[in-house]
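For reference, the chains in residue letters:
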Amino acid sequence: MTELAVNGGDPTVTIDQLERWERPVDRHIEAVTNLIDAGELSGAGAGLPQSIEEDFAEYTGADYCLSIDHGSTALASAYYAVGVGPGDEIITPAAGYLGAYAGALHMGARPVFAEVDPDTLLVDPTAVEGHITDRTAAINLIHKQGRVCDMDAFLELRNRYDIPIVQDCAHAHGSEWRGEHVGSLPDIACFSLQGVSPNGKPIAAGEGGFVTTNDREYYERQLSYCHLHRRGITDELTMSPYDRLDRQVLGRKWRAHPLALAIAAIELESLPDRVAGRLAYRDALFEALEPVAGLRPVTPYEHSDTDGMYGGLRVVYDQSALDGLSVERFVEAVRAEGVPMSGPSIGHLEHRRSITTEGYDLWGKGRGPLGDAWCGLPPFEGYEPGEFPITEELDDRVLRIDSFIDPAPGAIEQIVGAIEQVADAAAEMRRR
Ligand SMILES: *Cc1c(COP(=O)(O)O)cnc(C)c1O
């Protein structure tokens, strides 16, 4: 047997650049330069900021799209739109993201965490239903890495309990459920444009966001909440009471930068190809991994397909299948072989933050949703370790492996060969 790299052997992965896809830098420069030349550096509701809203609405099939300055503010404006306010609760995944619910928190709503489905690592509809109370004002879903949550179950809950869904689509710009784009599903879909391709959000433009909805009132509420001075805004506000507002609406301005939107427009063009590339890679990698003991590839629900669009792909480690080799030693050994893998981690554990274990006096003087009884909320009790056993157990077993759009020839063979080599040596490594 060849010596493992972790023991001083040569690494199995010898390809320098595993990803061959390159972002079209020249086109980005040209698009940005055009706006600088034209002096179009500010504004919304006209020109390029308006045309990309139309293009993204068309791409998703949603009736309305608004550009916004970040994914986090997209989410915050969505909570406002669906009517979340002080003393409400919103349900959000325990293996989630603070930015996914911070907008609701800062409006005075309390986050209530829910378990994941161990197969998809997405928030579990049954667990969510168990947390619904008469204070629940929204259900927040995160389509992690582009895998879509169980929308059949969540839409059924939404309709039965009359609770709106705020979708965090920060990883899901190309994702569909039963062939329908997530942006066209209820109630509001929130997209981030954070980072730079190929490793940023699926449409990466530095900073920025989009929200899409089919609901005219939600659209007008978002306009009124944070689109001060948008061109033509008073004409767009047609419903009462928003039609009484002037062009400074409610005073808040969370508008996207036109230079970012110019880059986003170019990224949108290549999105379908990048989705297809990553899916082909996922399928080939997972097929090649099938015979390898100890790793379970995480796949989406049947009616969802897209995966690995942000933050790589996921596999779940099974120590017992590899002679008891610890996950840490396994990861160390495959990394030494040059495999782009990391973990274990299921992501952020929201119920293990100091603010959610100890509470937090958000606005001082005992006011806020994470402190004493306030605004109809009972005192915040603080989460304990062990409250989400599925999520916490998986946190010690979920591994991330990079996803590629256009992998170098031989990349999969080298990556899987390296993993196989470590798996084969597991018993030997345990003895050392
Ligand atoms: C990136 C991200 C956001 C927030 O987007 P920003 O544009 O960075 O504000 C929200 N939710 C998830 C899951 C994200 O990954």
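Our subject in this report is the structure included herewith. Small disclaimer: the values here were computed from a predicted structure and weren't measured.

Conventions used here
- Residues numbered from 1 in each chain as written.
- Predicted model: local features only at pLDDT ≥ 70, side-chain atom pairs only at ≥ 80, totals over all residues.
- Heavy atoms only, no water.
- Helix = DSSP H or I, 4+ residues; strand = E, 2+ residues; numbered from the N terminus.
- Rg over C-alpha atoms; globule rule 2.2 N^0.38 Å.
- Buried < 20%, exposed > 50% of the residue type's maximum accessible area, 1.4 Å probe, protein only.
- Contact = heavy atoms within 4.5 Å.
- Areas by Shrake-Rupley, 256 points an atom, 1.4 Å probe, with all protein chains shown as cover.
- Salt bridge = Lys/Arg side-chain N within 4 Å of Asp/Glu carboxyl O.
- Core = buried A, V, L, I, M, F, W, Y, C linked by side-chain atoms within 4.5 Å.
- Pairing = 2+ DSSP bridges.

## What about the overall build of the protein chain?
Counting its secondary structure elements, the protein chain contains 14 helices and 15 strands. For the protein chain, the C-alpha radius of gyration of 23 Å lies close to 22 Å, the compact-globule estimate for 432 residues. Its C-alpha atoms give the protein chain principal-axis dimensions of roughly 75 × 55 × 40 Å. Each of the 432 residues in the protein chain was classed as buried or not, and the buried ones make up 57%. Within the protein chain, counting contacts between residues at least 6 apart in sequence, those at least 24 apart form 71% of the total. Looking at the protein chain as shown, the accessible area adds up to about 17800 Å², and 46% of this sits on carbon and sulfur atoms.

## Details of the pattern of salt bridges
Inspection of the entire model under this criterion finds 18 salt bridges. The partner of D406 in a salt bridge is R20, and the shortest N-O contact between them spans 3.0 Å. Taken together, the residues D406 in the loop between β15 (398-401) and α13 (411-424) and R20 in the segment before α1 (25-38) connect sequence positions 386 residues apart. Look at D406 and you get partly exposed, because its relative accessible area is 29%. Here E220 ties to R216 by a salt bridge, and the two come within 2.8 Å at their closest N and O atoms. Taken together, the residues E220 and R216, both in helix α7 (residues 216-226) and four residues apart, mark about one turn of the helix. Judged by its relative accessible area of 0%, E220 falls in the buried class. Taking relative accessible area as the criterion, R216 reaches 26% and is therefore assigned partly exposed.

## Concerning the nonpolar core
Counting 86 residues, the largest nonpolar core has Y79, V84 and F154 as its most contacted members. With eight residues, the top contributor of residues to this core is helix α9 (residues 258-289). Judged by nonpolar contacts, the second largest core, of 37 residues, contains L18, L289, L399 and I412.

## Structural notes on the pairing of strand β2 (residues 89-93)
Most of β2 is tucked away, with five of its five residues classed as buried. By the bridge criterion, five bridges tie β2 to strand β4 (residues 110-114) in an arrangement that is parallel. Its bridge partner lying in β4, P93 is registered against A114. Bridging between β2 and strand β5 (residues 136-142) involves three bridges; their strand directions are parallel.

Everything listed here is a matter of coordinates, which is why it stays silent on function.
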